[in-house]
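The chain contents come next:
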Amino acid sequence: MIQLEKISKYYPAGFGKTYVLRHIDLNIKEGEFISIMGPSGSGKSTLLHILGLLEEPSEGEYLFLDEPVQKLTEKKRTELHRHHIGFVFQAYHLIDELTVYENIETPLLYKGTSSSERKSRVAELLDRFNMVAKKDLFPHQLSGGQQQLVGVARAIVHNPKVIFADEPTGNLHSEQAIEIMELFQKLNQEDKVTIVQVTHSETNASYGNRIVRLKDGWLA
Ligand code: ADP
Ligand code: ADP
């Protein structure tokens, strides 16, 4: 599903370059649950953003669902993103002015899903996540754990093949963190969603099936 070959990322620095990632070879198969770990500044977020088509690599080749990512038109890249990718962020990134219901519905609007299908899909997720009673609340009226549940619901509402999560429990208490990790585990095992998370927590990583460690931009 994901094949990286000699992927590097650098930024210009004076007359030279600062490498953030170097020669990353990585294959991720459908159905895996992978944790990217490593010290701060080791390139974890950059790697996740490249995998999730949010950033371009500087060198190397990336095949996502057998498509050579660097050769895609902007239109095709956006389409791949809208259909097959869900993102979960540490700070939730919900839209403050939209209700729980509307936040979850957003990716379906981008994808052009019909109104009846949107209704049934959002209702199904509200029910599954025990949030029916909260559907008309705004993000600031929810606890952190509840906001991240909305974040996860929004990430999977369009049935993506893969979820990329950047420190999804970084702002949560341990009980809420466990709830989110158990949810990821279910999505992975029952719904067969591939998951790639960045985490500092060995406990979080233990929910996955493989750990990828980065050090100074290299795979350790
Ligand atoms: P991590 O997620 O492991 O903390 P990041 O991927 O966020 O690491 O960052 C890796 C390194 O890349 C850091 O040293 C950071 O300062 C650098 N970096 C990230 N983005 C940029 C940028 N736009 N320009 C220059 N350096 C950057
Ligand atoms: P948990 O830790 O179980 O995720 P909290 O203890 O943070 O939840 O919150 C408990 C309850 O208080 C939740 O049902 C949530 O809806 C409500 N709540 C939290 N913050 C606010 C707020 N700012 N305004 C209204 N209700 C809130």
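The name given to the protein in an unreviewed UniProt entry is ABC transporter ATP-binding protein, and the organism recorded there is Dyadobacter endophyticus.

Novice: Even after reading the chapter, I still don't get the overall build of the protein, so can you show me in this structure?
Specialist: From N to C terminus, the protein includes seven helices and 10 strands. Relative to its length of 220 residues, the protein is compact, with a C-alpha radius of gyration of 18 Å against a globular reference of 17 Å. Expressed along its principal axes, the backbone C-alpha trace of the protein runs to roughly 55 × 40 × 35 Å. Taking all 220 residues of the protein together, the buried fraction comes to 47%. Taking contacts inside the protein between residues at least 6 apart in sequence as the whole, the part at least 24 apart equals 70%.

Novice: Hey, could you run me through the pairing of strand E9 (residues 210-215) in this one?
Specialist: Each regular strand displays side chains that alternate between the two surfaces of the sheet. As paired elements, strand E3 (residues 33-37) and E9 share four bridges and run parallel to each other. When the bridges of E9 are listed, Ile34 appears paired with Arg210. When E9 meets strand E10 (residues 218-219), the two strands line up antiparallel, connected through two bridges. Residue pairing across strands places Leu214 opposite Leu219, the latter belonging to E10. Remark: two residues form the turn of the hairpin made by E9 and E10, two consecutive strands paired antiparallel; Asp216 in that turn has positive phi of roughly 50°.

Novice: How should I be thinking about the packing of aromatic side chains in this particular structure?
Specialist: Under the criterion given, the structure shown has five aromatic pairs. Ring centres of Phe33 and Phe184 lie 6.4 Å apart, and the angle between their planes is 70°; on these two criteria the pair is classed as edge-to-face. Of this pair, Phe33 sits in strand E3 while Phe184 sits in helix H6 (residues 174-189), and the two are 151 residues apart along the sequence. Of the two residues, Phe33 and Phe184, both sit in the buried class. Geometry around Tyr10 places Lys17 over its ring, the cationic atom sitting 4.4 Å from the centre.

Novice: For this particular structure, what's the right way to read the site of ligand 1?
Specialist: The full set of residues close to ligand 1 is Tyr11, Val20, Pro39, Ser40, Gly41, Ser42, Gly43, Lys44, Ser45 and Thr46. One nitrogen or oxygen atom from the main chain of Ser42 is found 3.1 Å from an oxygen atom belonging to ligand 1. At 2.5 Å from an oxygen atom of ligand 1 is found a side-chain nitrogen or oxygen belonging to Thr46. Coverage of ligand 1 by the protein chains reaches 53% of its 570 Å² of free accessible surface. Ranked by residue count, the leading element in the shell around ligand 1 is helix H1 (residues 44-51), at three residues. For the shell around ligand 1, the per-class residue count stands at three nonpolar, six polar and one charged.

Novice: Mind showing me how you'd approach the sheet that holds strand E5 (residues 67-68) here?
Specialist: Spatially, the four strands line up as an open sheet ordered E2-E1-E4-E5, and their pairing is antiparallel. At either margin of the open sheet sits one strand with a lone partner, and together these are strand E2 (16-28) and E5. With five bridges joining them, strand E1 (residues 2-13) and strand E4 (residues 59-64) adopt antiparallel strand pairing. Its bridge partner being in E4, Glu5 is matched across the sheet by Glu61.

What counts, and where the lines are drawn
- For every chain, the first residue of its written sequence is number 1, and the numbers climb from 1 along that sequence.
- Labels follow written order: the first chain is A, the first ligand is 1, and so on.
- pLDDT decides what is reported in this predicted model: residues at 70 or higher carry local features, side-chain atom pairs at 80 or more are listed and counted, and totals for whole chains, interfaces and linings draw on all residues regardless.
- The basis for every side-chain value is the complete set of heavy atoms in the structure, and neither hydrogens nor water enter the calculation.
- Per the convention used, a helix needs a DSSP run of H or I reaching at least four residues, while a strand needs a run of E reaching at least two, with both numbered from the N terminus.
- The size measure is the radius of gyration over C-alpha atoms, and the globule rule it meets is 2.2 Å times the number of residues to the 0.38 power.
- Relative accessible area decides the class of each residue, using a 1.4 Å probe on protein chains only: under 20% of the type maximum gives buried, over 50% gives exposed, and in between gives partly exposed.
- Note on contacts: a residue pair is in contact if any heavy atoms of the two residues lie within 4.5 Å.
- At least two bridges found by DSSP between two strands is the condition for calling them paired.
- Classification of ring pairs rests on two measures: the distance between centres of Phe, Tyr or Trp rings, Trp counted by its six-membered ring, which must be within 6.5 Å, and the angle between planes, read as stacked under 30 degrees, edge-to-face over 60 and tilted in between.
- Our definition puts a charge over a ring when NZ of Lys or CZ of Arg is within 6 Å of the ring centre and also within 35 degrees of the ring normal.
- Being near a molecule or strand, for a residue, comes down to having at least one heavy atom within 4 Å of it.
- Side-chain atoms alone can form a polar contact between residues adjacent in sequence; in general such a contact is a pair of N or O atoms within 3.5 Å, and within protein one must be able to donate a hydrogen while the other accepts it.
- Accessible areas in this description were obtained via Shrake-Rupley with a 1.4 Å probe; residue shielding takes into account the shown protein chains only.
- Ten residue types, Ala, Val, Leu, Ile, Met, Phe, Trp, Tyr, Cys and Pro, are classed as nonpolar, four, Asp, Glu, Lys and Arg, as charged, and the remainder, Gly among them, as polar.

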